[in-house]
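Breakdown of the fold
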Amino acid sequence: MFLLLLLPGTWIALAWAFATPDPAAGSLLAGAVASATDAMPVTKALHEIGLWAVRLLLLTLAVTPLRRIAAWPGFVQYRRMIGVTAFAYVGIHFCLYIVQQNFRIGFVASEIVQRIYLTIGFIALLGLAMLALTSTDGMLRRLGGRRWQLLHYLVYPLIVLGLWHFFLQSKINVTEPVLMSGLFIWLMLYRLAYRWNGARTLAWWHLVALAGVAAALTMVGEWAWYETMTTLGGERLLAANFTLASGMRPTWWVLLAGLAIVLLQLAADRWWGRARVRNQRRSADRASIA
Ligand code: HEM
């Protein structure tokens, strides 16, 4: 699992390290890697790592619903590992920004103070650093389960800050941050619905409703962003959701992802065997802390 999480970062590092304007001019290996990976200057590496940081942060939040829905309690052992790796990606993203600015630390500091999207990103980075540092078994024991849990609830507002940073730096095209926010909305709605259901695994029709509500909120959120933050107007974007002219919009991806989860639950029920699934869900429910 850990190696799998390192794969995107390693690929980006290789692409960046071997980047050369003319692949033929470097060594044979450099040329091969550079042409395979579309030679990557520092700005591109900064963007790619930022994207993977968001993906991994969302994956951290997906562990709890996935282990309940797929009746796989053991999946929880990976949550801290994924979370800490997500933080490492954010840290590398920050370091790449310093490299991009030619190590002018004073300038970087003044940009963080002056540019609101950097200030927001930096606050998220500091918060995630605190969560990563307190993720050891020793810190868990020292803080006590309850206090540790309360502290780690901070991950939700910190991811909101990360997404906000993503929106603000995206300028005119916010397709990708809208998609990530839609998935985040599903993950939060799932947690609310689970509590509302008395901390019991949700039925498949609850999950269908969740997929619909998350998709609808994604559409409204996208409309609100374009309406208030751009001169494009939200109505055009709203209309784009009902044609395929500009490809499939984030709303539909969020709906599809939500429906895929319903299928996963149905498949777990059918193939894992009902009795076993019920027992595993019960132990996943009991093991739940978030
Ligand atoms: C939780 C913290 C953070 C997350 C999740 C995050 C994520 C992202 C993402 C997803 C992008 C856009 C990638 C793309 O469009 O392809 C981005 C861009 C960027 N981020 Fe971050 N970031 C974080 C913190 C920071 C910090 C602390 C800094 C530096 C102080 C920073 C500097 C930048 C810069 C300079 C860009 C590119 C802006 C541009 O090209 O106009 N980020 N970030």
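This structure is a prediction, so every number in the text was calculated from the model and none was measured.

Looking now at the overall build of the chain. Of regular secondary structure, the chain possesses 14 helices and zero strands. Each helix (α) and strand (β) of the chain, taken in turn from the N terminus, gives the series α-α-α-α-α-α-α-α-α-α-α-α-α-α. Residue burial in the chain is summarised as follows: out of 290 residues, 32% are buried. When contacts within the chain are restricted to residue pairs at least 6 apart in sequence, those whose partners lie at least 24 apart make up 66%.

Moving on to the site of the ligand. Taken together, 22 residues surround the ligand, and among them His47, Gly50, Gly121, Ala124 and Gly162 come closest. Listing elements by their share of the shell around the ligand, those giving two or more residues are α3 (42-69), α4 (79-100), α6 (116-133) and α9 (155-170). Its residues assigned to classes, the shell around the ligand shows 14 nonpolar, eight polar and no charged.

It is the contact of α9 with helix α10 (residues 175-196), at a shortest axis distance of 9 Å, that shows an interaxial angle of 160°. With respect to each other, α9 and α10 are oriented roughly antiparallel. Two packed elements cross with a definite hand, and for α9 against α10 that hand is left-handed. Facing α9, whose interface residues are Ile159, Leu163, Phe166, Phe167 and Ser170, α10 presents Glu176, Pro177, Met180, Ser181 and Phe184. Split into classes, the residues belonging to the contact of α9 with α10 amount to seven nonpolar, two polar and one charged.

Take the nonpolar core next. Counting residues in hydrophobic clusters, the biggest one holds 57 residues, and the most contacted among them are Ala53 and Leu58. Counting residues per element, the ones that place at least two in this core are α1 (2-17), α3, α4, α6, α9, α10, α11 (204-229) and α13 (250-271). Tallying contributions element by element places α3 first for this core, with 14 residues. What Leu58 contacts, discounting residues up to four positions off in sequence, is Met180, Leu183, Phe184 and Leu187.

Procedures and definitions
- Chains are numbered independently. Their residues run from 1 in the order of the written sequence.
- Per-residue local features of the predicted model are confined to residues with pLDDT of at least 70, and side-chain atom pairs are confined, for both listing and counting, to 80 or more; whole-chain, interface and lining totals are unaffected and use all residues.
- Here a helix means four or more residues in a row that DSSP labels H or I, a strand means two or more in a row labelled E, and each is numbered from the N terminus.
- Burial is judged by counting the other C-beta atoms within 10 Å of a residue's own C-beta: 20 or more makes it buried, 12 or fewer makes it exposed, and any count in between marks it as partly exposed, with every C-beta position built from the backbone.
- By the criterion used throughout, residues are in contact when their C-beta atoms, derived from the backbone, lie within 7 Å.
- To decide whether a residue is near a molecule or strand, its C-beta atom is placed from the backbone and checked for lying within 6 Å of it.
- Amino acids are sorted into nonpolar (Ala, Val, Leu, Ile, Met, Phe, Trp, Tyr, Cys and Pro), charged (Asp, Glu, Lys and Arg) and polar (every other residue, Gly among them).
- To obtain each axis, a line is fitted to C-alpha atoms, and for helices this fit is confined to the stretch in contact; angles are then taken between N-to-C directions over 0 to 180 degrees.
- Roughly parallel here means an angle under 35 degrees, roughly antiparallel means over 145, roughly perpendicular means 65 to 115, and every remaining angle is called oblique.
- Should the near helix be turned counterclockwise from the far one by less than a right angle, the crossing is left-handed, whereas a clockwise turn marks it as right-handed.
- Nonpolar cores are built from buried Ala, Val, Leu, Ile, Met, Phe, Trp, Tyr and Cys residues. These are joined into a set through C-beta atoms within 7 Å.

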